[in-house]
Amino acid sequence: MADDDGGKTTWTLSAIKARNMALEGYCETDGCGRFYVFNIDGLIDGFGDDWLVPEILPIACSECGGQLRVKLAMMRPEV
């Protein structure tokens with residue numbers, strides 16, 4: 001859930017992990033669109049549990065160097 005200024009979401013990394021959600025992103029560069037699924041534990045190691053996830057990640061696309069926009073996804077329950 002994002003706030004109105006388009007900057008930070010209201011999600012912390014620990015909240016995403018606690019809800020067993022995935023943090024995904026895609027490159028906004030025209031013609032690229034590369035898709036990513038991020039390792040939550042790795043992000044927590046780098047940014048901390050309570051890091052408010054921004055809509056545009058401070059991580060560049062490995063394909064073209066473009067901006068990565070985040071999306072949250074529900075993980076399927078273990079069967």
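The coordinates are above.
Report on the accompanying structure. (Residues numbered from 1 in each chain as written. Predicted model: local features only at pLDDT ≥ 70, side-chain atom pairs only at ≥ 80, totals over all residues. Heavy atoms only, no water.)

Let's talk about the environment of Ala-73
Right, on to step 1. You can see Ala-73 is positioned in strand E6 (residues 67–74).
Right, on to step 2. The buried category is assigned to Ala-73, whose relative accessible area is 19%.
Right, on to step 3. Put simply, Ala-73 and Asn-20 are 53 residues apart on the chain and 9.2 Å apart in space, counted from C-alpha to C-alpha.
Right, on to step 4. Other than its neighbours up to four places away in sequence, Ala-73 contacts Met-21, Ala-22 and Glu-24. (Helix = DSSP H or I, 4+ residues; strand = E, 2+ residues; numbered from the N terminus. Buried < 20%, exposed > 50% of the residue type's maximum accessible area, 1.4 Å probe, protein only. Contact = heavy atoms within 4.5 Å.)

Here's the deal with unusual backbone geometry
Right, on to step 1. The phi dihedral of Asn-20 is positive, around 55°, even though this residue is not glycine.
Right, on to step 2. Tracing the chain through its elements places Asn-20 in the loop between helix H1 (13–18) and strand E2 (21–27).

Description of the packing of aromatic side chains
Two descriptors summarise a pair of aromatic rings, namely the distance from one centre to the other and the angle between the planes of the rings.
Right, on to step 1. On inspection of all chains with the given rule, the structure shows 2 aromatic pairs.
Right, on to step 2. Ring centres of Tyr-36 and Phe-38 lie 5.9 Å apart, and the angle between their planes is 15°; this geometry places the pair in the stacked category. For the pair formed by Tyr-36 and Phe-38, the shared burial category is buried.
Right, on to step 3. Between Phe-47 and Trp-51, the aromatic rings sit 4.1 Å apart at their centres with planes inclined by 10°, giving stacked as the arrangement.
Right, on to step 4. Given a relative accessible area of 16%, Trp-51 falls into the buried group. (Phe/Tyr/Trp six-rings, centres within 6.5 Å; stacked < 30°, edge-to-face > 60°.)

Remarks on the pattern of salt bridges
Right, on to step 1. Throughout the structure, instances matching the rule amount to 4 salt bridges.
Right, on to step 2. Two residues, Lys-17 and Asp-41, come together in a salt bridge whose shortest N-O distance is 2.6 Å. With a gap of 24 residues between them, Lys-17 in helix H1 and Asp-41 in helix H2 (residues 40–47) connect regions that are remote in the sequence.
Right, on to step 3. Here Lys-17 falls in the partly exposed class, since its relative accessible area comes to 47%.
Right, on to step 4. Between Glu-55 and Arg-69 there is a salt bridge whose closest N-O contact spans 3.0 Å. Taken together, the residues Glu-55 in the loop between strand E4 (52–54) and strand E5 (56–60) and Arg-69 in strand E6 connect sequence positions 14 residues apart.
Right, on to step 5. Residue class for Glu-55 comes out buried when judged on its relative accessible area of 15%.
Right, on to step 6. Taking the relative accessible area as the measure of exposure, Arg-69 reaches 22% and is therefore partly exposed. (Salt bridge = Lys/Arg side-chain N within 4 Å of Asp/Glu carboxyl O.)

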